[in-house]
Protein chains: 2
Amino acid sequence: MATPPLHPDIAHLSWLLGTWAGTGSGEYPTIKSFDYNEEISFGHVGKPFLAYTQKTRHAETGLPLHAEAGYIRPVGTDRVEFQVVQPSGISESYEGIVQSTEEAIVISLETVSVTTTATAKDVSAVRRVMTFDPGAQVLSYKMAMAAVGEEMTHHLSANLFPTT
Amino acid sequence: MATPPLHPDIAHLSWLLGTWAGTGSGEYPTIKSFDYNEEISFGHVGKPFLAYTQKTRHAETGLPLHAEAGYIRPVGTDRVEFQVVQPSGISESYEGIVQSTEEAIVISLETVSVTTTATAKDVSAVRRVMTFDPGAQVLSYKMAMAAVGEEMTHHLSANLFPTT
């Protein structure tokens, strides 16, 4: 049951593989700001995609806050498709661009569609930008969304570090 | 970091919690039939949803076949919302009905929407029926889909047993 070797189509994203942990903060016009502890993982099974899981806990109480899961599918080396599902009844389907310089690798994602269940809050569009600084070995992200009647507005930012 | 107690809104689905494993078979007009080994898990974090993960391996080679992840959100005790994402670029959003008799608990799910990425195969609708036989302690499911130009057609069936 060993994991097959890395698929060549995801070789350029292999720096994502493993588990990352750190802290983040959230804000939105309709809610009280909050801090959180986060852990995310990227895995592979020898196929041309990365499996993604994420969970956060409240920075003070330690109670579970958010979780999500999804998959990143590279399209060549400079584009990706990313689909993620959240327990709040929200599924997001993104297209993204991968840009690499000496200083950073940046994945800029924008939703092509957001599907919400009948009981979920309204979310119409989401942007995520993930930035990896290979020197500092830090994976940062920012997330903005247009939701519950608000225009596209900053919501989350976090800095994560390799745990393995 | 202990798990909080079960949320009362998912108490009637607590029989799903844990890990299930077994075997299944797949067929579709456009592919060669195949057998697989499967493991699925349902977990909770004290909130009113169940987290779902699934993976299958080829019955003969042991190589990874399929995987998916998602969340079940109960709506009262007789309805559910279920969203699932697949590495093949397919996200499914279901509504379902929960029916309980002395013989079985049946969850009948039908997609409200299917979102496919630009590089994914065409899937327009999916039906899943999960049946739990409390006497035999077996969780069975059947899955049918309308995809790649085919009408709604049987695709998968499996029988899974508690591993824990």
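First things first, this report covers the structure right here in the doc. (Residues numbered from 1 in each chain as written. Chains lettered and ligands numbered in written order. Predicted model: local features only at pLDDT ≥ 70, side-chain atom pairs only at ≥ 80, totals over all residues. Heavy atoms only, no water.)

## Concerning the interface of chain A and chain B
Size of an interface: often given as the accessible area lost when the parts come together.
Right, so step 1: Listed as interface residues are 36 residues of chain A and, on the opposing side, 35 residues of chain B.
Right, so step 2: Across the interface of chain A and chain B, roughly 2700 Å² is buried in total on both sides, 57% from carbon and sulfur atoms.
Right, so step 3: When the buried surface of chain A facing chain B is broken down by residue, Tyr71, Gln83 and Pro87 of chain A rank first, second and third, together holding 23% of it.
Right, so step 4: Between the two partners, chain A and chain B, sit zero salt bridges.
Right, so step 5: Our enumeration of links across chain A and chain B arrives at 27 residue pairs in polar contact (both at pLDDT 80 or more).
Right, so step 6: Sorting the residues of the side of chain A that touches chain B by element identifies strand E4 (64-75), strand E5 (79-86), strand E6 (90-100) and strand E7 (105-116) of chain A as the ones contributing at least two each.
Right, so step 7: It is E4 of chain A that provides the largest number of residues to the side of chain A that touches chain B, a total of ten residues.
Right, so step 8: Its residues assigned to classes, the side of chain A that touches chain B comprises 17 nonpolar, 13 polar and six charged. (Contact = heavy atoms within 4.5 Å. Buried area = accessible area lost by both parts, 1.4 Å probe. Salt bridge = Lys/Arg side-chain N within 4 Å of Asp/Glu carboxyl O. Polar contact = N/O pair within 3.5 Å; in protein donor to acceptor, adjacent residues only side chain to side chain. Helix = DSSP H or I, 4+ residues; strand = E, 2+ residues; numbered from the N terminus. Nonpolar A, V, L, I, M, F, W, Y, C, P; charged D, E, K, R; others polar.)

## Re the pattern of salt bridges
Note that side chains of opposite charge can pair when their charged atoms are close.
All names here are of chain A.
Right, so step 1: Considering all chains together, one arrives at eight salt bridges over all chains under this definition.
Right, so step 2: Between Arg127 and Glu110 there is a salt bridge whose closest N-O contact spans 3.2 Å. Separated by 17 residues along the polypeptide, Arg127 in strand E8 (residues 123-133) and Glu110 in strand E7 bring together distant segments of the chain.
Right, so step 3: Taken together, the salt bridges that share partners define one network made up of Glu68, Glu92 and Arg128.

## So, the sheet that holds strand E3 (residues 50-58) of chain A
To summarise the sheet geometry, strands pair through backbone hydrogen bonds and adopt either a parallel or an antiparallel arrangement.
Residue and element names in this part refer to chain A.
Right, so step 1: The strand order around the closed barrel formed by ten strands is E1-E2-E3-E4-E5-E6-E7-E8-E9-E10, and the pairing between neighbours is antiparallel. In this sheet, neighbouring strand axes are inclined to one another by 20° on average, regardless of whether the strands run parallel or antiparallel.
Right, so step 2: Sheet topology places E5 next to E6; eight bridges connect them, and they run antiparallel. If you follow Phe82 over to E6, its bridge partner there is Tyr94. (Pairing = 2+ DSSP bridges. Axes fitted to C-alpha atoms, helices over the stretch in contact; angles between N-to-C directions.)

## Digging into the relation of the copies chain A and chain B
Right, so step 1: With an RMSD of 0.0 Å, the operation that places chain A on chain B is a rotation of 180° combined with a shift of 0.0 Å along the axis. The relationship between the two copies is best expressed as a two-fold rotation axis.
Right, so step 2: Taken together, the interface assignments show that 97% of the residues at the interface of chain A recur at the interface of chain B, consistent with an identical surface on both copies. (Least-squares fit on C-alpha atoms with pLDDT ≥ 70 in both.)

## Focus: the packing of aromatic side chains
Any aromatic ring pair is given by two values, namely how distant the centres are and how the planes are angled relative to each other.
Right, so step 1: As enumerated under the stated definition, the model contains 14 aromatic pairs over all chains in all.
Right, so step 2: Aromatic rings pair up to connect Phe42, Tyr52, Phe82 and Tyr94 of chain A into one cluster. (Phe/Tyr/Trp six-rings, centres within 6.5 Å; stacked < 30°, edge-to-face > 60°.)

## Looking at the side chain of Thr115 of chain A
Right, so step 1: Of note, Thr115 of chain A is situated in strand E7.
Right, so step 2: Residue classification places Thr115 of chain A among the buried positions, given a relative accessible area of 15%.
Right, so step 3: Engagement of the side chain of Thr115 of chain A in a polar contact is seen with the side chain of Thr115 of chain B, the distance being 3.3 Å.
Right, so step 4: In contact with Thr115 of chain A, not counting residues within four places along its chain, are Gly89, Ile90 and Ser91 of chain A together with Gln83, Ser93, Ser113 and Thr115 of chain B. (Buried < 20%, exposed > 50% of the residue type's maximum accessible area, 1.4 Å probe, protein only.)

Scope: geometric values only; no functional claims are made or implied.
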